[in-house]
Amino acid sequence: MSVMQKCVMIRRTANAIPINYYQRTWCSTKAAAPTDEFRVLNLKKKFVPPQSKKKYTKTLLLPPRETAMPVDQDWTNVWPGPKTFHPASVPLALRQGYDQKRAPPGKYGNAELMKIPNFLHLTPPAVKKHCSAIKKFCTEWPKGLETDEDFDKHFPMTIITTDYCHSSPTIKDPKARIVTIKVKLSAFDLDKHARDKMIRLVGERYDEETDILTIVTDRCPTRKQNYDYGIYVLTALYHESNTFEEWEKEKQEADMEHYIWDNNVSKKAYVALVEWPKKVSDDDVKSFSIENDLVGQKYKDAVTELLNNGEDTYTLNKYKEAVVGMLLPQNAQA
Amino acid sequence: MMLMQRLFPNLVTNKLCSAKILTNFVLRCTYGLNNVGSDDPGVEIPEKKIVEEKTSLAMRAYLQRATQYNSFMDQQIHEYKIGKRHLANMMGVDPETFTQKDIDAAIGYLFPSGLYDPKARPLMRPPSEVFPPKKDAEFDESGRPFHVFFYTGKPNFYSILHNIATKLVELNKFEDSLRKNNILPDADKKLTSFGSQWLSKEDLEKKTVERLSDHEYKHFVVAIERLLNHACAYKLTEFISEYQKPMISTKSIVESSPVLYTKDGRAYVTVKDCPRKDARADVTVYYPGTGKLSINGKGIEFFDYIQAREQILFPLLFTDMIDKVDIEATVSGGGVSGKAGAIRFGISWCLCSFVDPEVVERMRIAGLLQKDYRRRERKKPGQARARRKFTWKKR
Amino acid sequence: MRAYRRVCNYATAAIKQEAQYQIPTAARTDKTNPADHDHHDESKFYTIDPKTITSLFQMGGLPKPFTEQTQMFAETALMVRKPALEVIRGLKLADYQKPVIRYLLYGQTGSGKSLSLAHILHYAHNSKFILYHIPYVPIWLKYDRKEVNWSTTKNGLADIPLIAAQWLKHFKHQNEVLLNELNLTTSQDYVWSIRETTPKGTILNELITHGINRAKYACDCMDILLNELKAHCSNNKCKMLVAVDGFNAFFNEKTDLKTEDRVRVTPQQISMVQTGLSAVLSDWNNGAVVMVTSPRAALNTKRESHLPIYLCGRQGFEHIDPFIPVMVPELTTTEFNNMLDYYEEKRWLQKTGGRKELEFLTSRLPAELMARCASL
């Protein structure tokens, strides 16, 4: 019937119709063109063609890359940079893992192999390539710098600074401002007094065994400032040690770095011994000379060596000989 | 694939033949029985239509497993060989001269694992070393076994016993023939089991690829001993040596440091890093000497403790070299007893080079040459000390 | 250990079976007067008769392990060794008109310094020297004694009256007879308090007795005694030997002594120490000074080396400079063997053998050897 035909709704696709229109046509059973006839209620089920389930099409996996790799390929092109282990790209029959009863598992699906930081990007041919690429930027090692002594001669000063890298939001580290300057004291031309004064001024910063003076500066906020300050300190030290101050004349016997016999009690004892039984005063001691006195010379040398070079069997024996020569009469000396 | 031919001698590739396919012998997948292989679906073997044969399901399954295993192993070997070539190429080395040692070194370089156990680290080995051996198919598709002794359940083992018995009979015949001609078997050539022992049960199991019981192993030992003790057993040394394992001579374990010479011509030996507890010592012994001792620059006064002094005296006294050598030692770390033990160890090892081998053997038996591995045991929670428990109170 | 002992015993047993074991006799010398000892007697034992021992060493001077040994063996046998002979020779040949010569015996702990000093003391006693002998300085300075008083006469110094009195007893015991013979007297009046004076001309023995009785003045008494003796020696009336064992204790950094007001005193603050130090000065003649430095007399922390200047310090060195340092070494092989022969002669060691082991273990120090052979 024409009415029935007209009233049968044909669902049209949403694309063709503007949206409000679509809704209206979907919801109502009214025909598109209004007629004067009655609406007819359709109770029959609409034929809905069965929706077939989405077919699971197995994704076609290509064979792994390793099966198609030629044996004489350039590996550096395959693995140019550091990368986590990828079993399909590495043509090796690797196994890793220990199970008491089974063989070690293969590389496919092996998490342990992925955990290892691999060096497939740094095989010997790759390293050679890197080196040859950098080589054109390299210059020859300068002549005249073959041995360590040459280094010390031409570059006596060593400056040590440290850079820090972080994985946190800040990349700056306050420790990066610390500057260490190491110099060998033999590089400066200091005379005896200057060297002694320098060592006294720096105190613990000087290492006697290696003859290295170490200055560590961290009082300024930036590295450059610290470096400048360190150089300034070094310059000041050098000039100060070369100057001789008036108050240095008041150096006492206890401050002496070397033992000098003439200024010491030992000479007084010797003089007292020689002048016995006369009492001896300080002036007598000062004026007493041992120019012609072999025994006294020997004694002086022995005591100086004993106290300057430290005490051991050799210096003690020397001292003993000198004193025996002094104290015991000739016939007693064996 | 050879095995395939063996299995199916009646293979007929007949596309037109529409014979009923009873069997599902399509060898498509190459998965190993251990389920560890490449999931490489690429290898496809064309379906072969087979003539109908009477085989039971169990047999079919068994044969399938066996063939699967064989093809799996073949594939593994193929992969290994290719992988070896790839690795040689990667390292820029000639593949022809690439040995297993080189492989191990290369893998160690490329995959530096920090794991403690060497067995857990990455490796690339020939599959024969990686997978435990498995038997081939023991019977064909009709169920007829290949090995004569198949129905014993352990054909390889029983064939060994059978061989021993056969050989024994042979030897008896031989001995009889000798005696007929009034020749006695040569007494000098009689074999002894000196210096070697029989394969252990584990070794025999590995050799036969069969599980053995203790009872069976005992049988084996009895049988082969009987063979060995036969007067004419020298004729079968080769056969018997297959089942013997030489005992390791412990003398060869003792390797001494090289003997060097000072400018004056005195011989001396230095042993570095001698350990005992936490102490480490470097000891130098000069051979023609007078009995001088210097430890960190001091004499024996370095140790106040008598026991420490006696420890150092012990190796010298044992080898009677107290006044014949000079000793110089530097020691650090640990405590008094540790230092003394470390120096003693160093002196013993140095003296090995200056005494006879018998004395070295006696020193080894005395325990002078052994590193004392004992360390302080840690205190455990819930106990007062390492072993001492808290006082047990009933209430 | 058991295995090696078994092996060693087999070896030594085998040797013994070959030769008959004969009890050895230690090499001895018959000269009982040290003045007669010379280099022929080196490494030989000489005995001292008990009377001399009591007169000289009753209140100290011989090390304790040694006295126990003498009690055991019922004789005091000292070995004649080179260092003692050297010093004795020096004492014999010195010019006594010149200021006193100072000797210093030094060596490792247990090398025989105290016994060498005992030998020298014996010689001095026989040669009519007055003995100013301080047996072992740390005895004065070590133990936390109750009686330490600030001195009234000497400003800033502390007294240890009881110890001083004890020392005066020791001095008297050693020198009573000689002092009686020499008849030395005081040169001036000494006023102790309002009621007590020692007038000029009193015999020194009486002065000493006074000091012993009145412990309060014992330290001052010591000092006065020393000055008197020095003066007498300088006037050629007598000879004196000053012997100090543990000399480096005078220069320790601290002592264990505390005064009543809980103040720790240093050795330099003790009057007896100052007396001792003035005794070793060479401002007098007709005598000799023998000092012994030992690492045992130093503090626990400062025992790294046995050399004298390390132990005495710079100050100590300057105090006694110039002196003759005499090293007391370990026993030589002959001396070592002789000592073991002596033990075997006395049947203290029942079997011979093991000498190489002992040499190694004791590094030939006599005290160590004595300790090793001692009873448990």
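Residues numbered from 1 in each chain as written. Chains lettered and ligands numbered in written order. Predicted model: local features only at pLDDT ≥ 70, side-chain atom pairs only at ≥ 80, totals over all residues. Heavy atoms only, no water.

## Re the interface of chain A and chain B
Counting residues at the interface gives 32 residues for chain A, matched by 31 residues for chain B. For the pair chain A and chain B, the two sides together bury roughly 2,700 Å², of which 69% comes from carbon and sulfur. When the buried area of chain A at its contact with chain B is split by residue, V71, L92 and R95 of chain A rank highest and sum to 23% of it. On the surface where chain A and chain B come into contact, there are zero salt bridges. At the surface where chain A touches chain B, the tally comes to seven residue pairs in polar contact (both at pLDDT 80 or more). At three residues, helix α5 (residues 124–135) of chain A tops the list of elements feeding residues into the side of chain A that touches chain B. Partitioning the side of chain A that touches chain B into residue classes produces 24 nonpolar, six polar and two charged. (Contact = heavy atoms within 4.5 Å. Buried area = accessible area lost by both parts, 1.4 Å probe. Salt bridge = Lys/Arg side-chain N within 4 Å of Asp/Glu carboxyl O. Polar contact = N/O pair within 3.5 Å; in protein donor to acceptor, adjacent residues only side chain to side chain. Helix = DSSP H or I, 4+ residues; strand = E, 2+ residues; numbered from the N terminus. Nonpolar A, V, L, I, M, F, W, Y, C, P; charged D, E, K, R; others polar.)

## Concerning the interface of chain B and chain C
Each side of the interface is counted separately: chain B has 17 residues, and chain C has 14 residues. Taking both sides of the interface into account, the surface hidden between chain B and chain C amounts to around 1,500 Å²; carbon and sulfur atoms contribute 66%. The largest share of the area that chain B buries against chain C comes from R309, L313 and L317 of chain B, three residues that together contribute 30% of it. Between D323 of chain B and K356 of chain C there is a salt bridge, with the nearest N and O atoms lying 3.6 Å from each other. Where chain B packs against chain C, one counts three residue pairs in polar contact (both at pLDDT 80 or more). Examining the composition of the side of chain B that touches chain C, we find that nine residues originate from one element, helix α9 (residues 306–318) of chain B, more than from any other. Of the residues belonging to the side of chain B that touches chain C, the class tally is ten nonpolar, no polar and seven charged.

## A look at the packing of helix α7 (residues 192–202) of chain A against helix α8 (residues 223–242) of chain A
Residues and elements named next belong to chain A. Direction vectors running N to C along α7 and α8 enclose 130°, while the axes themselves pass 8 Å from each other. The pairing of α7 with α8 is recorded here as oblique in orientation. The hand of the α7/α8 crossing is right-handed. Residues H193, A194, K197, M198, L201 and V202 of α7 pack against L237, Y238, E240, S241 and N242 of α8. Residues of the contact of α7 with α8, tallied by class, amount to six nonpolar, three polar and two charged. (Axes fitted to C-alpha atoms, helices over the stretch in contact; angles between N-to-C directions. Parallel < 35°, antiparallel > 145°, perpendicular 65-115°, else oblique. Left-handed = near helix turned anticlockwise from the far one by under 90°.)

## Describing the sheet that holds strand β2 (residues 179–184) of chain A
All names here are of chain A. Read across the sheet, four strands follow the order β1-β2-β4-β3 without closing on themselves; strand pairing throughout is antiparallel. Each end of this open sheet is capped by a strand with a single partner; those strands are β1 (157–161) and β3 (206–207). Direction of pairing for β2 relative to strand β4 (residues 212–217): antiparallel, over a ladder of six bridges. What sits directly across from T180, in β4, is V216. (Pairing = 2+ DSSP bridges.)

## Some details on the sheet that holds strand β11 (residues 324–327) of chain C
In space, the five strands of this open sheet follow the order β4-β9-β10-β3-β11 (chain C), with parallel pairing throughout. In this open sheet, the two edge strands, each paired with only one partner strand, are β4 (130–134) and β11 of chain C. Sheet twist, expressed as the average angle between the axes of neighbouring strands with direction ignored, equals 15°. Pairing between strand β3 (residues 101–106) of chain C and β11 of chain C: four bridges, direction parallel. The residue bridging L104 of chain C from the neighbouring strand is P325 of chain C, located in β11 of chain C. Here helix α12 (residues 313–327) of chain A sits on the sheet and contacts β3 and β11 of chain C; the angle it forms with β11 of chain C, its principal contact strand, is near 130°.

Function-wise, these values are silent; they only describe arrangement.
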